[in-house]
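# Geometric and topological summary
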Amino acid sequence: MNTQSLHFYEPYEVDGQKYIHMEKKEDLGVWEPGLTQDAFTAKDKTDYKDIIEKVEKYGVCVIKNFIEPSKCDEILNEIEPHYYRHESWQGSPFPKETTVVTRSVLHSPSILKNVVGDRMFCDMAEHFLNEQNYFLAGNVINKCSSGFHLNSSIIYKVGPGAGDQGYHREDHIHHTIHKACDKFQYGSESLLGIGVAFTDMNKENGSTRMIIGSHLWGPHDSCGNFDKRMEYYVNAAKGDGVIFLGSLYHAASANHTKEDRIGGYFFMTKGYLKPEENLYLGTDVKLFKDLPMEKLKLLGMTISEPYCGHIDYKSPGHVVNPSLFKNDIEKGYYSETFKTSFDKKQ
């Protein structure tokens with residue numbers, strides 16, 4: 001079996017429930033007494049050196065006044081008709097009170113221009129994601145750059161009563177397994193994201209919480225049991241942005257107010273994370289319609305677990321032949337789920 005991580009854990013079963021034992025994460029990492037959000041907040045979005053240093057150290061950097069609040073209103077107006085949710089979402093991956101707009105960059109010209117196309121965001125993606133390498137070819141050596149491109153552009157409307165989301169790393173979609181390290185290692189990231197507060201975000205209304213420095217954690221460092229001094233609820237005013245690495249553990253929080261909290265999360269990825277040949281653009285959908293499931297899988301019409309390559313959190317095959325993919329969402333996004341136990345292994 002081809003795996004980077006299955007050998008790290010030993011699942012066991014008690015009364016029909018499968019568990020994996022883990023130890024509490026005791027090490028405080030980059031946390032130090034008196035650390036506040038100011039330590040990882042940039043006041044000037046043109047100060048690249050400051051932003052890069054904060055992302056390297058903490059895994060995250062809050063960008064004050066990323067876009068104008070008036071642009072937030074413009075974006076909210078453009079995406080309003082496109083919210084949806086699936087009935088199977090009853091806490092995983094999202095609370096039932098959460099609705100989303102996927103592929104928002106296609107619904108909102110303002111998102112493409114003012115968020116995804118923002119110069120600072122693109123320059124940060126270039127810095128953290130673009131790879132340059134030498135490749136031998138006969139009697140020459142070629143230098144190539146991978147570049148980067150948009151990976152996802154999803155808006156989340158978290159309604160009143162929504163509960164906490166579980167901590168996760170965004171780059172699990174690429175099956176990225178990180179090694180524990182003392183400082184940031186370039187080349188290990190497949191995603192760089194920016195969260196944008198389209199409404200004010202705070203602890204009370206369910207702002208994103210983040211484990212500072214968790215981008216340096218390895219597979220034995222538990223995001224389910226750690227010293228809560230490393231946990232920060234990001235306070236962001238309307239129009240603020242939050243740059244963070246795909247390896248940083250983060251999660252949406254419970255909304256204890258009577259108003260919706262709306263935030264957009266936009267991730268760039270490495271330019272080579274796609275097929276060599278583009279089989280889709282310019283191809284008539286009818287060509288795929290009568291193909292059997294095994295052929296559709298070969299042509300990339302299914303998601304890679306958990307949901308890489310999805311269209312509105314469904315396999316792309318839904319577009320060409322829904323009958324073959326019925327109950328696709330209800331089956332869930334994971335092959336198997338284990339509970340973590342921090343007691344002595346039974």
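Here, the structure is the one placed above.
Residues numbered from 1 in each chain as written. Predicted model: local features only at pLDDT ≥ 70, side-chain atom pairs only at ≥ 80, totals over all residues. Heavy atoms only, no water.

On the surface, Tyr134, Leu136 and Ile141 cluster together to form a nonpolar patch covering roughly 420 Å² of accessible area. Here tyrosine 134 lies in strand β6 (residues 132-137). Under the relative-accessibility criterion, tyrosine 134 is labelled exposed at 61%. (Patch = residues over 30% accessible without salt bridge, like charges linked within 9 Å, V, L, I, M, F, W, Y side chains within 5 Å. Areas by Shrake-Rupley, 256 points an atom, 1.4 Å probe, with all protein chains shown as cover. Salt bridge = Lys/Arg side-chain N within 4 Å of Asp/Glu carboxyl O. Helix = DSSP H or I, 4+ residues; strand = E, 2+ residues; numbered from the N terminus. Buried < 20%, exposed > 50% of the residue type's maximum accessible area, 1.4 Å probe, protein only.)

This part is about the packing of helix α2 (residues 69-79) against helix α4 (residues 109-116). Closest axis-to-axis distance for the α2/α4 pair is 9 Å, and the angle between their directions is 145°. Our pair here, α2 against α4, has a crossing hand that is left-handed. Here α2 contributes Lys71, Glu74, Ile75, Glu78 and Ile79 to the contact with α4, which in turn contributes Pro109, Ser110, Ile111, Asn114 and Val115. The residue inventory of the contact of α2 with α4, partitioned by class, reads five nonpolar, two polar and three charged. (Axes fitted to C-alpha atoms, helices over the stretch in contact; angles between N-to-C directions. Left-handed = near helix turned anticlockwise from the far one by under 90°. Contact = heavy atoms within 4.5 Å. Nonpolar A, V, L, I, M, F, W, Y, C, P; charged D, E, K, R; others polar.)

Moving on to the sheet that holds strand β12 (residues 241-245). Sheet architecture is open: seven strands sit in the order β3-β4-β12-β9-β14-β8-β5, paired in mixed fashion. At either end of the open sheet lies a strand with only one pairing partner, and these are β3 (41-42) and β5 (98-101). Pairing of strand β8 (residues 148-158) with strand β14 (residues 261-270) involves 10 bridges; the strand directions are antiparallel. Note on β14: the bridge partner recorded for lysine 157 is isoleucine 262. Across the sheet, helix α1 (residues 48-58) lies against β3, β4 (60-63) and β12, angled at about 140° from β4, the strand it touches most. (Pairing = 2+ DSSP bridges.)

Everything listed is a geometric property; what it means functionally is a separate question.
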